[in-house]
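Results of the structural survey
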Amino acid sequence: MGNRKNLCAMIPESLHTQVRTEQEQMGLTLSQYMEMVLKQHFENGGKNMANGATRTLAFQVPEELFERVKARLRVTGQSQKEFVIGLIEKALQEAEAEAETPQEDAQGEPA
């Protein structure tokens with residue numbers, strides 16, 4: 001991990017409560033959470049996520065899977081977004097490569 005710097009700012013109490021609640025739900029330290037939020041902001045060019053350049057993909061998972069993902073994120077330091085996008089990209093690459101490979105029939109002949 002590279003050099004680290006502290007960032008401190010006064011925010012409204014209601015926003016502070018929202019931040020801390022979500023941070024705790026995600027199982028991240030405050031530093032990990034703020035780094036994730038800031039990276040997401042700058043990855044989007046500092047623009048609102050609703051500008052059409054990005055789309056939201058949301059789904060629910062079983063609690064056990066959620067906890068496994070969070071444990072993995074604590075080890076890797078990745079954000080949840082980075083982790084899930086990486087998995088999706090890998091699966092799509094594999095599926096696209098498989099689709100490009102000629103399929104064989106039951107006798108091993110190209111279909």
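Residues numbered from 1 in each chain as written. Predicted model: local features only at pLDDT ≥ 70, side-chain atom pairs only at ≥ 80, totals over all residues. Heavy atoms only, no water.

Attention now moves to the overall build of the chain. The number of helices and strands found in the chain is four helices and zero strands. In the chain, the succession of helices and strands from N to C terminus is α-α-α-α. Among the 111 residues that make up the chain, the fraction classed as buried is 11%. Surface summary for the chain: the accessible area is close to 9,700 Å², and the carbon and sulfur share equals 54%. (Helix = DSSP H or I, 4+ residues; strand = E, 2+ residues; numbered from the N terminus. Buried < 20%, exposed > 50% of the residue type's maximum accessible area, 1.4 Å probe, protein only. Areas by Shrake-Rupley, 256 points an atom, 1.4 Å probe, with all protein chains shown as cover.)

Another point: the environment of F66. With respect to the helices and strands, F66 occurs in helix α3 (residues 63-76). Apart from residues no more than four positions distant in its own chain, F66 is found in contact with Q25 and V61. (Contact = heavy atoms within 4.5 Å.)

What follows is about the side chain of K70. Locating K70 in the fold gives a position in helix α3. An unpaired buried charge is present at K70: no salt bridge exists, and E67, the closest side chain of opposite charge, is 8.6 Å distant. Setting aside anything within four residues of it in sequence, one finds K70 in contact with M26 and Q80. (Lys, Arg positive; Asp, Glu negative; His and termini not counted. Salt bridge = Lys/Arg side-chain N within 4 Å of Asp/Glu carboxyl O.)

Mean pLDDT for the chain: 84, with 82% of residues reaching 70 or above. At the level of individual helices and strands, the chain shows its lowest average pLDDT in helix α2 (residues 30-43), which scores 86, and its highest in α3, which scores 92. (pLDDT = per-residue confidence, 0-100.)

Here we come to the pattern of salt bridges. Applying the stated criterion across every chain, the model contains two salt bridges. A salt bridge links E35 to R4; the shortest N-O distance between them is 2.9 Å. In this pair, E35 sits in helix α2 while R4 sits in the segment before α1 (13-25), placing the two residues 31 residues apart along the sequence. You can call E35 partly exposed: its relative accessible area is 27%. A salt bridge links K39 to E35, with the shortest nitrogen-to-oxygen separation between them at 3.1 Å. You can see K39 and its partner E35 sitting in helix α2, four residues apart, about one turn around the helix. Several salt bridges share partner residues, and in doing so they unite R4, E35 and K39 into one network.

To continue, consider the environment of F83. Examined against the element boundaries, F83 turns out to sit in helix α4 (residues 80-100). When the C-alpha positions of F83 and V69 are compared, they lie 8.7 Å apart, and in sequence the two are 14 residues distant.

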